[in-house]
Amino acid sequence: MITATEQSCDGQRTEGGSVFPLLIRCDSSDATLARTEAWIVQNSEELSAKAATHGAVLFRGFPLATDHDFDTFVAAFGLPNFTYEDSLSNAVRRNRTARVFTANEAPADVNICLHHEMAQTPIYPSKLFFFCEKAAEQGGATPLCRSDILFDRMTKEMPQFASDCADKGLLYSHVMPAVDDAASGMGRSWQSTWKASTPQEAEARMTELGYAWEWQDDGCLKVTTPQLQAVKRLRNGGTVFFNQLIAAFHGWKDARNDPGKSITFGDGAPLDSRTMDRVIEMAEEITFDVPWQAGDVALVDNYVTMHGRRTFQGTRKVLASLVAS
Ligand code: FE2
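None of these values were measured; they are calculated from a predicted model. (Residues numbered from 1 in each chain as written. Predicted model: local features only at pLDDT ≥ 70, side-chain atom pairs only at ≥ 80, totals over all residues. Heavy atoms only, no water.)

**Considerations on the domain arrangement of the chain**
Move 1: Partitioning the chain into structural domains gives domain 1 (4-108 + 117-147 + 289-323) and domain 2 (148-283).
Move 2: Contact with domain 1, which involves 32 residues of that partner, is made by 36 residues of domain 2.
Move 3: Of the roughly 2,600 Å² buried where domain 1 meets domain 2, counting both sides, 56% is carbon and sulfur surface.
Move 4: The largest share of the area that domain 1 buries against domain 2 comes from Asn 90, Gln 120 and Ser 147, three residues that together contribute 23% of it.
Move 5: At the junction of domain 1 with domain 2, the criterion picks out two salt bridges.
Move 6: With a closest N to O distance of 2.9 Å, Arg 146 and Asp 148 form a salt bridge.
Move 7: Scanning the region where domain 1 abuts domain 2 turns up 14 residue pairs in polar contact (both at pLDDT 80 or more).
Move 8: Of all elements in the fold, only strand S2 (13-15) and strand S10 (142-146) reach the threshold of two or more residues within the side of domain 1 that touches domain 2. (Domains from an automatic or database assignment. Contact = heavy atoms within 4.5 Å. Buried area = accessible area lost by both parts, 1.4 Å probe. Salt bridge = Lys/Arg side-chain N within 4 Å of Asp/Glu carboxyl O. Polar contact = N/O pair within 3.5 Å; in protein donor to acceptor, adjacent residues only side chain to side chain. Helix = DSSP H or I, 4+ residues; strand = E, 2+ residues; numbered from the N terminus.)

In structure tokens, the structure reads:
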């Protein structure tokens, strides 16, 4: 069995009485993948609980090098796989194993803004794992931001906006291409998203999930979600800013999409851009950038912590895996 200890790291924050993120470093010089797997199996519940308490756990120094090693690491937690095919994710992704996929195929100069994974859809994972196969030469950190801390600050500084978010929820709109567009952070085609080969099949799925839609002349599809929560109450009594507001407001931009039109309150009222700028600024103030080293794994509680991707130079290979509760 291996041994691992909790350590501090540069930039680590203290939020609500706990450190964020928690760093767990493998101390065993003779660690193997099999021993790591056994250690996770034995500690999986405690590690999941730590992710919920701290918002994220960073694992460093464990003997992981490949996508299959990462698959073994994630599978050892014993949690159900949340598959890309079943998700309504906007991103174009490529699977490496049944559980592991490339985090986002969007180009290096595309900044992916903070978001809760798939909170812009009615179906979302409870946790995310990231694995650094190869760190970028420059940049490419994964920013992590505690949404419970952010919402707490919003409630104090902008109480009306915070309560509007909680009371009204949000509507998200975006245009899906007719074929996957890997040049965009939100380039997944409507066929892939809805698992449909005809417009009729897509419409049946959208009706089932409460979406509104509008077909475009060029074969693209504009969709609007049903009213989705912007604020989530957690089982432990915490309240989190659980949504994709920041990403949709600033980041949903490509050849088909204008971020100014991508999001409104649930009653259709527009969001004030000055207020949103301040929310984004507040989120940045409490964000921790994961300084990736090859072999690192980050376990992110998707209900508590938002993530994104900084721009980078060079080759960056960060893989992801999602799990349901
Ligand atoms: Fe994401």
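**Some words on the coordination of the iron ion**
Move 1: For the iron ion, every protein donor is listed as His 115 (NE2), Glu 117 (OE) and His 307 (NE2), and the spread of their distances is 2.0 to 2.2 Å.
Move 2: All donor residues of the iron ion come from one chain, and their arrangement in sequence is H-x1-E-x189-H. Summarising the burial analysis for this pair, His 115 and Glu 117 share the class buried. (Donors = N, O, S within 2.8 Å, 3.2 Å for Na, K, Ca; no water. Buried < 20%, exposed > 50% of the residue type's maximum accessible area, 1.4 Å probe, protein only.)

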